[in-house]
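An overview of the molecular structure
Read off the chains here:
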Amino acid sequence: PQVGELVLVRLISQFRRAFKRNDKASISMSVYLSPFLPTSQIVCHSTTSFLGHLVNQAVAHEIIALEILFMLLELPTDDSIEIAVGFMREVGAFLQENSPKANNVVFERFRAVLNEGSISHRVQYMIEVLMQVRKDKYKDNPIIPEGLDLVEEDEQITHQIALEEELQVQEGLSEYRVCL
């Protein structure tokens, strides 16, 4: 449980730093000017993907997933919507099963962003594909892929860490002793 909490705290901290870097400079233009994604966008994609798997495995509570989604969808840009769509593909099946009302709110926000028309056609298409994935009940994006259900349900410990909570990020592993 301590390792799960340590990983979760580090991922949340890393996501917040990367997301804040994107807030100040619009990286939409840099995506078109460069064949490579900006580092902060790559970090957001990778941390949300990892956090999605932690939510699916019940290491992290679904509230963190919802907080991330609402943060990404609050002031939509092409980049934030792209990250939100990818994250929703990871956690959508879990949210549909465990928090259907909150899941519906998220999709209503996606629909509103789509109707506003303030994002590129490519990102609009990504939202439409996500809605089709939802309609197909996430058949290609299961909550837990076959063979990865490693911890018995009664032995799982779910950490409830809020996105805006003050975190104590530990840079070293000195507190955790590994016994072989």
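As a reminder, the structure under discussion sits directly above these lines.
Here's what I pulled together on the structure shown here. All figures in this text were calculated on a predicted structure; none of them were measured in a lab. (Residues numbered from 1 in each chain as written. Predicted model: local features only at pLDDT ≥ 70, side-chain atom pairs only at ≥ 80, totals over all residues. Heavy atoms only, no water.)

Here we look at the nonpolar core
Soluble globular proteins: nonpolar side chains tend toward being buried together. Formally: Throughout, nonpolar core names a set of buried Ala, Val, Leu, Ile, Met, Phe, Trp, Tyr and Cys residues whose side chains join them through atoms within 4.5 Å. Only protein chains enter the area calculation, which uses a 1.4 Å probe; residues under 20% of their type maximum are buried, those over 50% are exposed, and those in between are partly exposed. The way it works is that DSSP assigns letters per residue, a run of H or I at least four long becomes a helix, a run of E at least two long becomes a strand, and they are numbered from the N terminus. Throughout, a residue-residue contact means that at least one pair of heavy atoms, one from each residue, lies within 4.5 Å.
Ranked by internal contacts, the top residues of the largest apolar core, which has 45 residues, are Ile81, Met88, Phe110 and Ile127. Listing elements by their share of this core, those giving two or more residues are α1 (2–24), α3 (39–56), α4 (62–74), α5 (78–98), α6 (100–116) and α7 (121–135). Per-element accounting of this core gives the leading share, ten residues, to α5. Residue contacts for phenylalanine 110: discarding those within four places in its chain leaves Leu73, Ile81, Ala84, Val85, Met88, Ile127, Leu130 and Met131.

Re the packing of α5 against α7
Two quantities define a packed helix pair, namely the angle between the helix axes and the distance between the axes. Definition in use: The angle between two axes is taken between their N-to-C directions and runs from 0 to 180 degrees, where each axis is a line fitted to C-alpha atoms and a helix contributes only its stretch in contact. Throughout this description, any angle smaller than 35 degrees is read as roughly parallel, any larger than 145 degrees as roughly antiparallel, any in the 65 to 115 degree range as roughly perpendicular, and the remainder as oblique. Polarity classes work like this: nonpolar for Ala, Val, Leu, Ile, Met, Phe, Trp, Tyr, Cys and Pro, charged for Asp, Glu, Lys and Arg, and polar for all others, with Gly in that last group.
With their axes 10 Å apart at the nearest point, α5 and α7 run at an angle of 5 degrees to one another. Taken together, the axes of α5 and α7 are roughly parallel relative to one another. Here Asp78, Ile81, Glu82, Val85, Met88, Arg89 and Gln96 of α5 come into contact with α7, specifically with Arg122, Val123, Met126, Ile127, Val129, Leu130, Val133 and Arg134. Split by residue class, the contact of α5 with α7 holds nine nonpolar, one polar and five charged.

Concerning the pattern of salt bridges
Heads up, the condition is: By definition here, a salt bridge exists when the distance from a side-chain nitrogen of Lys or Arg to a carboxyl oxygen of Asp or Glu is within 4 Å.
Applying the stated criterion to the full structure yields three salt bridges. Here glutamate 82 makes a salt bridge to arginine 122, at a shortest N to O gap of 3.1 Å. You can see glutamate 82 sitting in helix α5 and its partner arginine 122 sitting in helix α7, a full 40 residues away along the chain. Residue arginine 122 is classed as partly exposed on the basis of its relative accessible area, which comes to 39%. The partner of glutamate 116 in a salt bridge is arginine 109, with the nearest N and O atoms 3.4 Å apart.

Observations concerning the side chain of asparagine 56
Structurally, asparagine 56 can be placed in helix α3. Not counting chain neighbours up to four residues away, the residues in contact with asparagine 56 comprise Glu90, Val91, Phe94, Ile143 and Ile144.

Here we look at the side chain of glutamate 62
Note the threshold: Charged residues are defined narrowly, with Lys and Arg counted positive, Asp and Glu counted negative, and His plus the chain ends left uncounted.
In this structure, glutamate 62 sits in helix α4. It is lysine 101 that comes nearest to the buried, bridge-free glutamate 62 among opposite-charge side chains, at 13 Å. With near-sequence residues (within four places) excluded, glutamate 62 lies in contact with Val55, Phe94, Leu95, Asn98 and Ser99.

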